[in-house]
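This is what each chain is made of:
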Amino acid sequence: MNKVSKSPWLLHYDASSCNGCDIEVLDCLTPKYDIERFGIINTGDPFQADILLITGGVNSQTESVVKQIYSQMPEPKVVVAVGICACTGGVFKECYNIRGGIDTVIPVDVYVPGCAARPESIIDGVVKALEILDEKQAEHKKNGGGAHGISK
Amino acid sequence: MAKRSIVPFGPQHPVLPEPVHLDLVLEDETVVGAVPSIGYIHRGLEKLVEKRDFKQYVYIAERVCGICSCGHGLGYCESVEQVMGIEVPDRAKFLRVIWMEMSRVHSHLLWLGLLADAMGFESLFMESWRLREKILDMFDETTGGRIIHSVNCVGGVQKDMDSTMLNGILEAVKDLEKEMRPVADTFLEDYTVQSRLKGVGVLSRERAIELGAVGPMLRASGEEYDARLLGYAAYPNLTVEPVTSKDGDSYARCEVRIKELFQSFDLIREAIGKIPEGDISVPVKGNPSGEFFMRIEQPRGEAVYYVKGSGKKFLERFRLRTPTTSNIPPMVETLKGCQLADVPLLILTIDPCVSCTER
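Residues numbered from 1 in each chain as written. Chains lettered and ligands numbered in written order. Predicted model: local features only at pLDDT ≥ 70, side-chain atom pairs only at ≥ 80, totals over all residues. Heavy atoms only, no water.

An unreviewed UniProt entry lists chain B under the name Nickel-dependent hydrogenase large subunit, from Ruminococcus turbiniformis. Regarding chain B, the relevant UniProt record gives this comment under Sequence similarities (unreviewed entry): "Belongs to the complex I 49 kDa subunit family." (UniProt positions renumbered as here; feature names shortened; annotations may be inferred.)

Labelled according to an unreviewed UniProt entry, chain A appears under the name NADH-quinone oxidoreductase subunit NuoB, originating from Ruminococcus turbiniformis. Per UniProt, chain A carries the Sequence similarities (unreviewed entry) text "Belongs to the complex I 20 kDa subunit family." The Cofactor (unreviewed entry) comment attached to chain A in UniProt states, word for word, "[4Fe-4S] cluster".

Novice: Explain the UniProt feature "domain: NADH-quinone oxidoreductase subunit D" (unreviewed entry) in chain B to me, and be specific about the residues and the numbers.
Specialist: Under the UniProt annotation, the feature "domain: NADH-quinone oxidoreductase subunit D" (unreviewed entry) is placed at residues 119-282 and 287-359 of chain B. Annotated as residues 119-282 of chain B, this span is 57% helix and 2% strand, and its ends, taken at the C-alpha atoms, are 48 Å apart. (Helix = DSSP H or I, 4+ residues; strand = E, 2+ residues; numbered from the N terminus.)

Novice: Outline the layout of surface pockets, supporting the account with residue identities and numerical values.
Specialist: Residues and elements named next belong to chain B. As a volume, the second largest pocket reaches approximately 240 Å³. What lines the second largest pocket is a set of 15 residues, among which Glu-78, Gln-82, Lys-93, Tyr-232 and Ala-233 lie closest to the centre. The set of elements that each furnish at least two residues to the lining of the second largest pocket consists of α2 (69-84), α3 (90-119) and β6 (289-298). For the lining of the second largest pocket, the class distribution of residues is seven nonpolar, two polar and six charged. (1 Å grid on protein atoms, 1.4 Å probe; cavity = no way out; pocket = protein on both sides within 12 Å on 5 of 7 lines; lining within 4 Å. Points joined across faces, edges and corners; volume = space filled by probe spheres on them. Nonpolar A, V, L, I, M, F, W, Y, C, P; charged D, E, K, R; others polar.)

Novice: Give me the lowdown on the interface of chain B and chain A, citing residues and values where you can.
Specialist: With 42 residues of chain B at the contact, the number on the chain A side is 39 residues. Regarding the contact of chain B and chain A, the summed buried area is about 3,300 Å², with carbon and sulfur atoms giving 59% of it. Where chain B touches chain A, the interface holds seven salt bridges. Residues A:Arg118 and B:Asp140 are paired through a salt bridge, measuring 2.7 Å at the closest nitrogen-oxygen approach. At the junction of chain B with chain A, the criterion picks out 15 residue pairs in polar contact (both at pLDDT 80 or more). Sorting the residues of the side of chain B that touches chain A by element identifies α3 and α4 (122-143) of chain B as the ones contributing at least two each. Examining the composition of the side of chain B that touches chain A, we find that nine residues originate from one element, α4(B), more than from any other. Of the residues that constitute the side of chain B that touches chain A, the class distribution is 22 nonpolar, eight polar and twelve charged. (Contact = heavy atoms within 4.5 Å. Buried area = accessible area lost by both parts, 1.4 Å probe. Salt bridge = Lys/Arg side-chain N within 4 Å of Asp/Glu carboxyl O. Polar contact = N/O pair within 3.5 Å; in protein donor to acceptor, adjacent residues only side chain to side chain.)

Novice: Account for the pairing of strand β3 (residues 30-37) of chain B, with residues named and values stated.
Specialist: All names here are of chain B. Sheet topology places strand β2 (residues 21-27) next to β3; seven bridges connect them, and they run antiparallel. Looking at the pairing, Leu-22 lines up with Pro-36 of β3. Taking the residues between adjacent antiparallel strands as the criterion, β2 and β3 are bridged by two residues, where Asp-28 takes a positive phi near 55°. (Pairing = 2+ DSSP bridges.)

Novice: Quick rundown of helix α9 (residues 250-274) of chain B? Include the residues and the values.
Specialist: Compared with the 36 Å implied by 1.5 Å per residue over 25 residues, the 36 Å span of α9(B) between its first and last C-alpha is a close match. Here α9(B) lies mainly inside the structure; 20 of its 25 residues are buried. (Expected span 1.5 Å × (residues − 1). Buried < 20%, exposed > 50% of the residue type's maximum accessible area, 1.4 Å probe, protein only.)

Novice: Which residues make up the UniProt feature "domain: NADH:ubiquinone oxidoreductase-like 20kDa subunit" (unreviewed entry) in chain A, and what are the values?
Specialist: According to UniProt, the feature "domain: NADH:ubiquinone oxidoreductase-like 20kDa subunit" (unreviewed entry) maps to residues 18-128 of chain A in the numbering used here. In the segment residues 18-128 of chain A, helix accounts for 30% and strand for 19%; the C-alpha atoms at its two ends are 25 Å apart.

Novice: If you had to explain the sheet that holds strand β3 (residues 51-55) of chain A to someone new, which residues and values would you point to?
Specialist: All names here are of chain A. Sheet architecture is open: five strands sit in the order β2-β1-β3-β5-β7, paired in parallel fashion. Whereas interior strands pair on both sides, the edge strands pair on one side only; in this sheet they are β2 (41-43) and β7 (110-112). Within the sheet, the average angular offset between the axes of one strand and its neighbour, ignoring direction, is 30°. Of the strands in this sheet, β1 (9-14), β2, β3 and β5 (78-82) are in contact with helix α1 (residues 20-27), which crosses β3 at around 145°. (Axes fitted to C-alpha atoms, helices over the stretch in contact; angles between N-to-C directions.)

Novice: Got a sec to walk through the pattern of salt bridges? Specific residues and values, please.
Specialist: By the definition in use, this model includes 44 salt bridges over all chains. Of the charged contacts, one joins B:Arg319 and B:Glu46 as a salt bridge, the two residues approaching to 3.3 Å between their closest N and O atoms. Of this pair, B:Arg319 sits in strand β8 (residues 317-321) while B:Glu46 sits in the loop between β3 and α1 (57-62), and the two are 273 residues apart along the sequence. A relative accessible area of 35% places B:Arg319 in the partly exposed class. The salt bridge involving B:Arg96 is made with B:Glu81; its shortest N-O contact spans 2.9 Å. With B:Arg96 in helix α3 and B:Glu81 in helix α2, this pair connects stretches of sequence that are 15 residues apart. With a relative accessible area of 4%, B:Glu81 lands in the buried category. Overlapping salt bridges bring together A:Glu24, A:Asp27, A:Lys32, B:Arg132, B:Glu133, B:Asp137 and B:Arg146 as one network.

Novice: Lay out the state of the cysteines in plain terms, naming residues and giving numbers.
Specialist: Residues and elements named next belong to chain A. According to the stated counting rule, one finds zero disulfides over all chains in the structure shown. Residue Cys-95 stays outside any disulfide, its sulfur separated by 9.4 Å from that of Cys-85, the closest cysteine. A disulfide-free cysteine, Cys-115 has its sulfur positioned 5.7 Å from the sulfur of Cys-85, the nearest such atom. Residue Cys-115 is classed as partly exposed on the basis of its relative accessible area of 36%. (Disulfide = S-S within 2.5 Å.)

Novice: Now, about the environment of B:Asp28: what can you tell me, with residues and values included?
Specialist: Residue and element names in this part refer to chain B. Tracing the chain through its elements places Asp-28 in the loop between β2 and β3. Expressed as a C-alpha distance, the spacing of Asp-28 and Phe-318, which sit 290 residues apart in the sequence, is 45 Å. Every residue in contact with Asp-28, bar those within four places of it in the chain, is listed here: Ala-2 and Lys-3.

Here is the structure:
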């Protein structure tokens, strides 16, 4: 990747993780790793987010919340599954309340493994997500969507 | 009477990294009632004890929660050791205390940062989390993991620390203590912080005991209770004094946690000074048979572990009651009568750990 074409905003949601990956996601924002220097901001509002960072496997109660947050985000959007639980279910795979990875509910673009995923690998995942975001943006434009339009 | 309205809070909310849902009953801007509903992170970890053998289950117990993972591993191992009658070597007990106190420092710094963030004091949030990195670096060096350490095992600990690592921890603690002073002064003496915290969410000593508050929440209301005094790991050989405060408001809770930080620095230094030479684990033979009820002091308060084995490789039952579970009724009590704008702050002052609570 040569340059960052826009300032992407992140949305973080904990689907059912142990908290480990969540504090590492927050860690990325703090002085040691500081992803804000790339213009990346952590927002709490799905309507303004470009990248969705999800941690943890999906259980029956978070399923509808994950779907709702995903549908509220404007097109184009990228989903990053952070941590091994978000990728496949991880150590919790055999638990009775876990359905598996995030991709059982919504489409996932980037998988970041690790338990807990280290901030370096989360940042790497976000940078990969930026490339995908650019591709999706170009395709979105080609299909007649506005440059920053929200799909209705 | 003003018209009542219900405002949903969560599950996805900017102030908390974890999902928890509350229905807030409002009269104008004042909260008159709060109905918590949990279960967004329920995974069913206790049931998994029937599928993993008792030595493997330590890894699951540590993943109950990423912030208190060291404590959960410790609590589980101690209770299984009690069932099996295993005497852990002294060096392992001291190592457990050092890691446990480091994890308390990291947890309290994390909480202080989130508190500052909830008040909108962004630079204080960044400063607290910057200091926290020093402890995470030491975890990384001594255990190989930043968040999940996997150091406890049934019969002792898995890794030893050599003198370079112990001196490294002493250095890090010294630096941290020096840099922590100005941050602590900002939290305790800054006018802006005080105006957000003083007199907000008062919980009296009687109500705190009645509602079963634990940890810093209980100690901030003036009750001297600390599960570390019960004497597990190497705590009987160290000086532990419960840190208390009188007022029972948000400021008192913040004060207790800051004082506990400095107490943990002292405990780490004392433990490193007294650590004996020797083995770090004993071989474990046979399977656990019997039951045991164990209490330990997590950063958030007293956690209860119950294990029951019947001589098989798999335990029959593992039960865990976490500090946040006990602190939810006092939280609902403090929410009644507060302003809507103070709700995120009040939820934070119990230091909620939703992953622990829902398991």
